[in-house]
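Examination of the molecular architecture
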Amino acid sequence: MMSPLVAIQNVSKSYDSGKITALYDATLSVSPSEYIVLTGPSGSGKSTLMHILCGLDFPSSGSVFFAGKMPAGKGEWSRLRALHIGFVFQSFHLLPTLTASENIQAAMFGVMRSKKERREKALELLFRVGLSDRRHHYPNELSGGERQRVAIARSLANSPDLILADEPTGNLDSGSAAKIMSLLREINENYKTTVIVVSHDPEIARNADRIVHIVDGRIV
Amino acid sequence: MNFVSVPFRNLIRRPTRSMLTLMGIAVAVGSFIALIGMSRGLELAWINSVLERGTHIAALKSGVVEILTASIDEKIADALSGVDGVEAVAGELIDLTQLDSGHTALVAGWGRGSYLWNTLHLSSGKLPDSDGNAIMGQSIAESLGKKPGDKMSLQGRQFTVAGVFKQKGVMSNNTIIIPLADMQELMHRQGKVTQFNIRLKNFDDHQQVVFVKSRLKKTFPELSFHETGELTENNEVLKLLRAMVWGISVIAFVMALVIMLNTLLMSVTERTREIGIFSAIGWSAGRILMMFVLEGLLLSVMGSLVGGVLGVGGLHWLANLPRLQGFIEFQITSEILIPVSVTAILLGLVGSIYPAWRATKLDPVNALRAD
């Protein structure tokens with residue numbers, strides 16, 4: 001069996017001095033090039049699990065592994081996110097002061113040294129998501145679907161091993177949502193990038209290699 | 001796009017706030033440059049006016065803060081002239097006087113036969129040859145619209161303008177000179193002078209100057225003796241002016257620092273979600289900190305540039321205003337510009353470090369959820 005790209009072992013997460021528990025003793029292993037959908041009702045702990053998987057949040061107990069190693073702290077997780085993890089959010093989370101192309105380039109600082117290299121890579125990614133002609137547009141000049149495609153292009157900036165998508169179609173109409181999901185699937189199939197999608201939409205879950213259900217903070 | 005573009009864009013896309021902060025820094029820098037420039041200019045004008053007269057040592061009344069109010073017996077001049085190494089002594093009574101036209105001018109009284117008359121560069125007319133005659137500097141003559149032969153009224157007394165002179169220093173060019181006896185009568189200070197101008201025989205020999213000065217000090221303990229260059233250093237009024245200039249500048253800089261802190265802290269609060277995004281895409285805490293520090297530095301660098309232009313431009317504008325032409329002299333040197341620019345840049349650094357540090361301490365998950 002292939003060693004997992006990312007794994008959690010007996011992870012629990014509680015807030016407010018233990019009064020609120022978001023995750024209970026969760027164990028999950030994700031193999032390279034898997035396409036997983038995390039489903040569950042609102043407040044079930046899906047987003048908490050996703051944040052822990054990429055080091056944006058830390059477990060109260062248990063262990064998190066990335067490529068077989070336990071990252072040491074915030075600094076190492078930052079480096080891992082820059083080099084190996086791409087993000088796609090429900091609210092797109094593009095930087096409003098930067099154009100589509102610059103939003104993608106911003107993810108490459110510290111990874112690609114040359115300005116020309118960053119610019120060319122951004123153009124290539126925008127072409128890949130079908131937005132070459134929108135490269136100089138600011139986020140507020142783009143439609144919801146276009147913004148999400150820019151976000152996907154940004155997530156691919158450093159050729160990541162893992163893409164985490166948190167409700168990527170939550171703010172999109174059905175047409176745009178279908179395009180976004182097929183784009184993510186295409187990335188997974190063509191580049192063997194591991195994709196973890198958080199969604200409560202059963203339609204999205206249907207295309208997954210594996211569906212992970214979370215209910216009341218427990219993986220079931 | 002390079003890294004500096006990111007903070008630069010942040011500033012450009014929030015033009016009103018960036019401009020207001022920039023102007024806060026620019027006003028602090030500009031007022032500092034203008035105030036220091038004018039104060040230095042005043043000192044320079046004073047030194048120039050004394051140097052132009054060929055005065056090597058000025059004798060003032062000891063312990064007096066405001067020299068214009070000092071009174072020294074004019075007869076001391078003879079005793080001063082007798083000191084070995086002294087070439088000439090010229091008593092002078094000076095006062096700031098309101099003219100009957102409403103203008104305020106520096107009026108000086110010089111004795112007949114004083115060497116000071118020979119140092120004036122006449123542009124028209126002649127030197128006063130009798131009581132009731134006055135000679136005036138070009139700036140004050142232009143300001144009053146007077147030329148040789150015209151009448152002018154001083155403290156209710158009529159004077160005839162004998163001539164107009166043009167010196168290098170603005171202070172000299174704004175001075176009216178009348179015979180000493182007339183001045184003493186006008187000021188009701190008969191037999192008194194404000195200071196003595198002393199010319200030395202061997203001014204180029206500094207040892208000799210020090211020697212004569214110490215001899216003068218010993219012989220006339222009621223007087224203080226100052227070489228020309230020391231005049232501004234020891235002047236209490238100028239010391240007060242310098243202290244005021246520094247005080248105002250410090251206040252302006254503290255205000256600019258508060259504005260900078262406020263702007264960047266507001267920026268951190270408003271951009272909480274953006275900070276979360278930077279964190280999510282793998283920016284390290286150091287890079288996020290650097291972005292805010294660079295924003296502060298960009299603001300302060302641009303603020304000091306604009307402030308420099310405002311300060312120097314403002315002084316030029318003031319100096320060329322028809323009403324002030326010839327009254328304001330200023331001196332802007334790299335000794336003023338470099339420290340003020342460095343201070344403004346340090347201000348940007350200090351004002352941005354705390355907000356930047358706050359930004360790095362934000363919890364990225366909460367930051368991403370922020371509105």
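These numbers were taken from a predicted model, which means no experiment stands behind them.

**Considering the overall build of chain A**
The helix and strand tally for chain A stands at seven helices and nine strands. The C-alpha atoms of chain A give a radius of gyration of 17 Å, which matches the 17 Å a tight globule of 220 residues would have. With the C-alpha coordinates aligned to their principal axes, the bounding extent of chain A is approximately 50 × 40 × 40 Å. The proportion of buried residues among the 220 residues of chain A is 50%. By sequence separation, contacts in chain A at least 24 residues apart represent 71% of the contacts at least 6 residues apart.

**Re the environment of Asn10(B)**
With respect to the secondary-structure elements, Asn10(B) resides in helix 1 (residues 5–12). Note on Asn10(B): 22 C-beta atoms within 10 Å, which makes it buried. Separated by 118 residues in sequence, Asn10(B) and Pro128(B) have C-alpha atoms that sit 68 Å apart. The residues contacting Asn10(B), other than those within four sequence positions of it, are Thr97(A) and Glu295(B).

**So, unusual backbone geometry**
Most of the time, phi is negative for any residue but glycine, and the peptide bond is trans. Although it is not a glycine, Ala67(A) adopts a positive phi angle of roughly 50 degrees. Within the secondary structure layout, Ala67(A) lies in the loop between strand 4 (61–66) and helix 2 (74–84).

**Details of the domain arrangement of chain B**
Domain boundaries assigned for chain B yield domain 1 (5–46 + 238–369) and domain 2 (63–221). Computed over C-alpha atoms only, the centres of domain 1 of chain B and domain 2 of chain B are separated by 46 Å.

**Observations regarding the interface of chain B and chain A**
Contact with chain B, which involves 19 residues of that partner, is made by 20 residues of chain A. Secondary-structure elements contributing two or more residues to the side of chain B that touches chain A are helix 1, helix 10 (272–280) and helix 13 (364–369) of chain B. No other element matches helix 10 of chain B, which puts four residues into the side of chain B that touches chain A. Residue composition of the side of chain B that touches chain A, grouped by class: ten nonpolar, five polar and four charged.

**Focus on the sheet that holds strand 2 (residues 20–30) of chain A**
All names here are of chain A. Taken in spatial order, the three strands line up as 2-1-4 in an open sheet, and their pairing is antiparallel. At either end of the open sheet lies a strand with only one pairing partner, and these are strand 2 and strand 4. The mean angle between the axes of side-by-side strands here comes to 20 degrees, regardless of whether they run parallel or antiparallel. Strand direction decides the pairing type here: strand 1 (residues 6–15) and strand 4, joined by five bridges, are antiparallel. Directly across from glutamine 9, in strand 4, lies its bridge partner serine 63. Sheet strands touched by helix 1 (residues 46–53): strand 1, strand 2 and strand 4. Its angle to strand 1, the strand with the most contacts, is close to 125 degrees.

**Some words on the environment of Phe211(B)**
Note that Phe211(B) resides in helix 7 (residues 206–219). Between the alpha carbons of Phe211(B) and Asp84(B) there is a distance of 9.9 Å; along the sequence they are 127 residues apart.

**Details of the environment of Pro96(A)**
Residue and element names in this part refer to chain A. Here proline 96 is to be found in the loop between strand 5 (85–89) and helix 3 (100–106). Given 15 C-beta atoms within 10 Å, proline 96 falls into the partly exposed group. Spatially, the C-alpha atom of proline 96 lies 7.2 Å from that of asparagine 140, the residues being 44 residues apart in sequence. Ignoring anything within four residues of it in the chain, the contact list for proline 96 reads Tyr138, Pro139 and Asn140.

**Some words on the sheet that holds strand 6 (residues 162–166) of chain A**
Residues and elements named next belong to chain A. Read across the open sheet, the six strands follow the order 5-6-7-3-8-9; overall the sheet is mixed. Of all strands in the sheet, those with a lone pairing partner are strand 5 and strand 9 (218–219), marking the two edges. As paired elements, strand 3 (residues 35–39) and strand 7 (residues 194–198) share four bridges and run parallel to each other. Considered in strand 7, the bridge of valine 37 is made with valine 197. Sheet strands in contact with helix 5 (residues 144–155) are strand 5 and strand 6, and its direction is about 170 degrees off that of strand 5.

**A short note on the confidence of the model for chain A**
Counting all residues, the mean pLDDT for chain A is 91, and 100% of those residues have values of 70 or more. Taken element by element, chain A is modelled with least confidence in helix 7 (residues 202–205) of chain A, mean pLDDT 84, and with most confidence in strand 7 of chain A, mean pLDDT 95.

Conventions we followed
- The residue numbering used here restarts from 1 in each chain and proceeds along that chain's sequence as written.
- Labels follow written order: the first chain is A, the first ligand is 1, and so on.
- Only residues with pLDDT of at least 70 get local features here, since the model is predicted, and only at 80 or more are side-chain atom pairs given and counted; chain-wide, interface and lining totals rely on the full set of residues.
- Secondary structure elements are taken from DSSP: a helix is a run of H or I of four residues or more, a strand is a run of E of two residues or more, and numbering for both begins at the N terminus.
- Two things to know: the radius of gyration comes from C-alpha atoms, and the globule rule equals 2.2 Å times the number of residues to the power 0.38.
- Around each residue's C-beta, the other C-beta atoms within 10 Å are counted; 20 or more make the residue buried, 12 or fewer make it exposed, and counts in between make it partly exposed. All C-beta atoms are placed from the backbone.
- Any two residues are considered in contact once their C-beta atoms, placed from the backbone, lie within 7 Å.
- In this entry, domain limits derive from an automatic or database-based domain assignment.
- Only Asp, Glu, Lys and Arg are considered charged in this grouping, and only Ala, Val, Leu, Ile, Met, Phe, Trp, Tyr, Cys and Pro are considered nonpolar; every other residue, Gly among them, is considered polar.
- Strand pairing is assigned whenever DSSP identifies at least 2 bridges connecting the two strands.
- Lines fitted to the C-alpha atoms define the axes, with helices restricted to the stretch that makes contact. Angles between their N-to-C directions range from 0 to 180 degrees.
- The predictor rates its confidence in each residue with pLDDT, a number between 0 and 100.

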